[in-house]
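Here is what each chain is made of, one letter per residue.
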Amino acid sequence: MIMKCKICCSAADLPSLLALGYNIITEEDNHFWTETYALPTYTVSRDAYYQFSTILRTKGIWCYIGNEGYTLYISNHPTSRYSSEMIIYNSMFFLGSITRCPPYMFDRIFSDKEQWLMSEFLTTQPKQFLYLATA
């Protein structure tokens, strides 16, 4: 199986992505990330899809589901590659704990500068979590 994705990045980002193990090729001024998985048999099974997806997830790939469909992001950090589901769940758990126990902390932690970020997170991420958890 072969996966080939066009990536949007600057030329300065390419060496760091290559150093992290991404197989990036350039074709006609476009950069593509490619990954391959050799099937153990000639038939494609659910297990083969699972094995290939496990390889891709360890590379550090996240998706966002919006009005335009799926948008995928790759990681440029060597170790902090947590799944989107885990990041959303932990963030929602933290927000739930500070609004239940000491509600005054919410206003103290998030100033006026971060209010738009919290609003965006609370508007988009519960739906993202449902999509990702059921996919």
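Provided above is the structure to which this section pertains.
Here goes a summary of the coordinates provided. Since this is a predicted model, take the numbers as computed values, not measurements.

Across the seven residues of strand 3 (residues 30–36), five count as buried, placing the element largely inside the fold. Across six bridges, the pairing between strand 1 (residues 2–7) and strand 3 is antiparallel. When the bridges of strand 3 are listed, Ile-2 appears paired with Thr-36. The pairing of strand 2 (residues 24–27) with strand 3 spans four bridges and is antiparallel.

Overall, antiparallel pairing links the three strands, which are arranged 1-3-2 in an open sheet. Every interior strand has two partners, whereas the edge strands, strand 1 and strand 2, have only one. Recorded for the sheet is a direction-independent mean angle of 35 degrees between the axes of neighbouring strands. Its contacts with the sheet place helix 2 (residues 46–59) against strand 1 and strand 3, and it is angled at close to 130 degrees to strand 3.

Another point: helix 2. Taking 1.5 Å of rise per residue, the 14 residues of helix 2 would be expected to cover 20 Å, and the 20 Å separating its terminal C-alpha atoms lies within 8% of that figure. Those residues of helix 2 that fall on the buried side of the exposure criterion are Ala-48, Phe-52, Leu-56 and Lys-59. Seen along its axis, helix 2 keeps its buried residues to an arc of 70 degrees; they face one direction. In this structure, helix 2 carries Arg-46, Tyr-50 and Thr-58 as exposed residues pointing more than 90 degrees from its buried face. Downstream of helix 2 by one or two residues, Gly-60 has phi in the positive range, about 95 degrees.

On to a nonpolar patch on the surface. Judged by side-chain polarity, Tyr-82, Met-86 and Ile-87 come together as a nonpolar surface patch covering roughly 280 Å² of accessible area. For Ile-87, the location among the structural elements is in helix 3 (residues 84–100). Taking the relative accessible area as the measure of exposure, Ile-87 reaches 40% and is therefore partly exposed.

Attention shifts here to the environment of Leu-14. Structurally, Leu-14 is set in helix 1 (residues 14–19). Note on Leu-14: relative accessible area 13%, which makes it buried. With eleven residues separating them along the chain, Leu-14 and Ile-25 place their C-alpha atoms 9.8 Å apart. For Leu-14, the residues in contact, after removing those within four places along its chain, are Cys-9, Ile-24 and His-31.

Conventions adopted
- Residues numbered from 1 in each chain as written.
- Predicted model: local features only at pLDDT ≥ 70, side-chain atom pairs only at ≥ 80, totals over all residues.
- Heavy atoms only, no water.
- Buried < 20%, exposed > 50% of the residue type's maximum accessible area, 1.4 Å probe, protein only.
- Helix = DSSP H or I, 4+ residues; strand = E, 2+ residues; numbered from the N terminus.
- Pairing = 2+ DSSP bridges.
- Axes fitted to C-alpha atoms, helices over the stretch in contact; angles between N-to-C directions.
- Contact = heavy atoms within 4.5 Å.
- Expected span 1.5 Å × (residues − 1).
- Arc of directions from axis to C-beta.
- Patch = residues over 30% accessible without salt bridge, like charges linked within 9 Å, V, L, I, M, F, W, Y side chains within 5 Å.
- Areas by Shrake-Rupley, 256 points an atom, 1.4 Å probe, with all protein chains shown as cover.
- Salt bridge = Lys/Arg side-chain N within 4 Å of Asp/Glu carboxyl O.

Remember that the coordinates give geometry; whether it matters functionally is a separate question.
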